[in-house]
Amino acid sequence: MIPRTIPDLLAGLWRSPWLRLLVYLILLALVLWLARSLTSVLVTALVAYTLAFLVNPLLSWLQRRRVPRPLGVLLVLVVLLATAALLSWTVLAQVVALVGQLPALLPRLPDLLGGLLSRLSSVPGLENAQQQLSTFLTGQAQQLSTHLGPTLQRLFTSGSTVLGGVVSAVGWIGQGALIVILSAYFMLDYERVGQGLMRVLPLAWQPGARQLSTDVGESFGGYLRGQLLVGLAVGVLVALGLLALGIPNALAIGLLAAVLDIVPYLGPVIAALPAVLLALPSGWITVLLVVGVFVIANQIEGNVLSPYILGKTTDLSSAAVLLSILAGLTLGGLVGAVLAIPVVTLLKKWTERYWLSSAAHNLPPRP
């Protein structure tokens, strides 16, 4: 039968699976090309939407207390910008100083471990352990110094000319301002943005997409928001303790502890290492006190802060948490370690909902 109209012709052609496959491949290639061409735009939008996603519960809480959403957005932006300005003026200089001291801190590790290694020198195979460690760390420090200098120069001087530095600074400031403005729009129209994205999907997919969005929001959003608050509290505790002990760059180390606290188990150890190295010239008593500051801060986090702030958002055993972090580090580095726990939480939620309640799982054993 010869089609009489163009729609009939197109409908007949669309019945061919090979034509549909070709069209889908062309659309996929087009989407990938657009994503690659618009990477900077997509990253900016993603960062802005993530910021709006994280503060949306606070804005909803303010709305329930009769604070208009535009006023709530204004208050949140003022607090965020004030915090960013405070960190820039008080912490950035210490962060730069701490990073600049890293090549000189690594060779101190043999002094830190010297007593232990000297006692183990009588063990067969460990006679030259201290010398080998010193040689290794010295080489690593030289490589770090070689690569760190040019990197810091590019980051903080932004070129060899004053004009280059101004252009780069304006670029960073403009990018930050664009993210803030875009996130403000997302905060104001948060519900409409979600509804607009949902309307694009076919009607049959929308219930499943809403359930998926809810699961992801609970698993990722709840964990990240709670962990940010816990990390902030740990950073403040560590900074105050190090300031009391007179450790240099205490605010920068506190910021490092706050950032790395989102990586359980491994983060506190990494954050404590620069503080311990900086405390070495003051003697072993100061070193032990510094270790005590991190131990106390993490005990407060684990026994007081996390139970109240995070609650039961993960409901994972300690072994599952550690294995998840190790798997995340192996697969995705630091980002993988950060996302490991919410991903495993999401998988556990889906397992309980779809598999444990399924007929296949609940089949009675054969007699």
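Only a predicted model underlies this, so the values are computations on that prediction, with no experimental measurement involved. (Residues numbered from 1 in each chain as written. Predicted model: local features only at pLDDT ≥ 70, side-chain atom pairs only at ≥ 80, totals over all residues. Heavy atoms only, no water.)

Asker: Even after reading the chapter, I still don't get the overall build of the chain, so can you show me in this structure?
Answerer: Along its length, the chain carries 14 helices and 0 strands. Secondary structure elements of the chain occur, N-terminal to C-terminal, as α-α-α-α-α-α-α-α-α-α-α-α-α-α. A fraction of 69% describes how many contacts in the chain between residues 6 or more apart in sequence connect residues 24 or more apart. Roughly 23900 Å² of accessible area belongs to the chain as shown, and the carbon and sulfur atoms make up 72% of that amount. (Helix = DSSP H or I, 4+ residues; strand = E, 2+ residues; numbered from the N terminus. Contact = heavy atoms within 4.5 Å. Areas by Shrake-Rupley, 256 points an atom, 1.4 Å probe, with all protein chains shown as cover.)

Asker: Please explain the pattern of salt bridges as it appears in this structure.
Answerer: Applying the stated criterion to the full structure yields 2 salt bridges. The partner of R353 in a salt bridge is D215, with the nearest N and O atoms 2.5 Å apart. Placement of R353 in helix α14 (residues 318-355) and of D215 in helix α10 (residues 206-245) is noted, with a sequence separation of 138 residues between them. On the basis of relative accessibility, which here comes to 1%, the residue D215 falls in the buried class. (Salt bridge = Lys/Arg side-chain N within 4 Å of Asp/Glu carboxyl O. Buried < 20%, exposed > 50% of the residue type's maximum accessible area, 1.4 Å probe, protein only.)

Asker: Explain the packing of aromatic side chains to me, please; I cannot follow it from the model alone.
Answerer: The geometry of two aromatic rings is summed up by the distance between their centres and the angle between their planes. Under the defined criterion, the tally for this structure stands at 2 aromatic pairs. Note on Y49 and Y190: the rings are 5.8 Å apart at their centroids and 10 degrees apart in plane angle, and the pair reads as stacked. On the criterion of sequence distance, the pair formed by Y49 in helix α3 (residues 39-64) and Y190 in helix α9 (residues 190-200) is long-range, its members being 141 residues apart. The exposure class assigned to Y49 is partly exposed, which follows from its relative accessible area of 26%. (Phe/Tyr/Trp six-rings, centres within 6.5 Å; stacked < 30°, edge-to-face > 60°.)

Asker: Before we go on, may I ask you to explain the confidence of the model for the chain in this structure?
Answerer: Any segment with low pLDDT has predicted coordinates that should not be analysed in fine detail. Per-residue confidence for the chain gives a mean pLDDT of 75, with 71% of residues at or over 70. In this model, residues 155-167 is a region of pLDDT below 50 whose contacts with residues beyond four sequence positions or in other chains number 8 contacts. (pLDDT = per-residue confidence, 0-100.)

Asker: Sorry, what's going on with α10 here?
Answerer: At 3.6 residues per turn, the α-helix brings residues three or four places apart onto the same side. Look at α10: 57 Å from first C-alpha to last across 40 residues, which is about the 58 Å you get at 1.5 Å a residue. The sharpest bend along α10 measures roughly 30 degrees and falls at G217. Just downstream of α10 lies G246, where phi reads positive at about 75 degrees. (Expected span 1.5 Å × (residues − 1). Bend = angle between axes of the 7 residues up to and from the residue.)

Asker: Looking at this structure, I do not really get the environment of L54. What am I missing?
Answerer: Tracing the sequence through the fold places L54 in helix α3. Residues contacting L54, with those up to four places away along its chain left out, are L224, R225 and L228.

Asker: Looking at this model, I keep getting lost on the packing of α3 against α10. Mind explaining?
Answerer: Helix packing geometry: the angle between the two helix axes and the distance between the axes. Packing of α3 against α10 leaves a shortest axis separation of 10 Å and a crossing angle of 80 degrees. As the angle between them shows, α3 and α10 are arranged roughly perpendicular. Contacts from F53, L54 and P57 of α3 reach α10 at G217, G221, L224, R225 and L228. Taken together, the residues of the contact of α3 with α10 break down into 5 nonpolar, 2 polar and 1 charged. (Axes fitted to C-alpha atoms, helices over the stretch in contact; angles between N-to-C directions. Parallel < 35°, antiparallel > 145°, perpendicular 65-115°, else oblique. Nonpolar A, V, L, I, M, F, W, Y, C, P; charged D, E, K, R; others polar.)

Asker: It is not clear to me how the nonpolar core should be interpreted in this structure. Could you clarify?
Answerer: Nonpolar side chains tend toward joint burial in soluble globular proteins. Judged by nonpolar contacts, the single largest core of 21 residues is most densely connected at V238, L242, I247, I253, A275, V290 and F294. Every element with two or more residues in this core is listed here: α10, α11 (250-260), α12 (266-279) and α13 (284-309). At 7 residues, α12 tops the list of elements feeding residues into this core. Counting 12 residues, the second largest nonpolar core, distinct from the first, contains L59, V76, I179 and A184. (Core = buried A, V, L, I, M, F, W, Y, C linked by side-chain atoms within 4.5 Å.)

Asker: It is not clear to me how the environment of L356 should be interpreted in this structure. Could you clarify?
Answerer: Secondary-structure assignment places L356 in the segment after α14. Residue classification places L356 among the partly exposed residues on the basis of a relative accessible area of 38%. Non-local contacts of L356, meaning those with residues more than four positions away in its chain, are made with T351, H361 and N362.

Asker: How should I be thinking about the side chain of T44 in this particular structure?
Answerer: By secondary structure assignment, the location of T44 is in helix α3. In this view, T44 contacts Q175, L178, I179 and L182; residues no more than four positions away in its chain are not counted.

Asker: I tried to follow the side chain of N56 on my own but got confused; where do I start?
Answerer: Structurally, N56 is set in helix α3. By relative accessible area, N56 is classed as buried at 10%.

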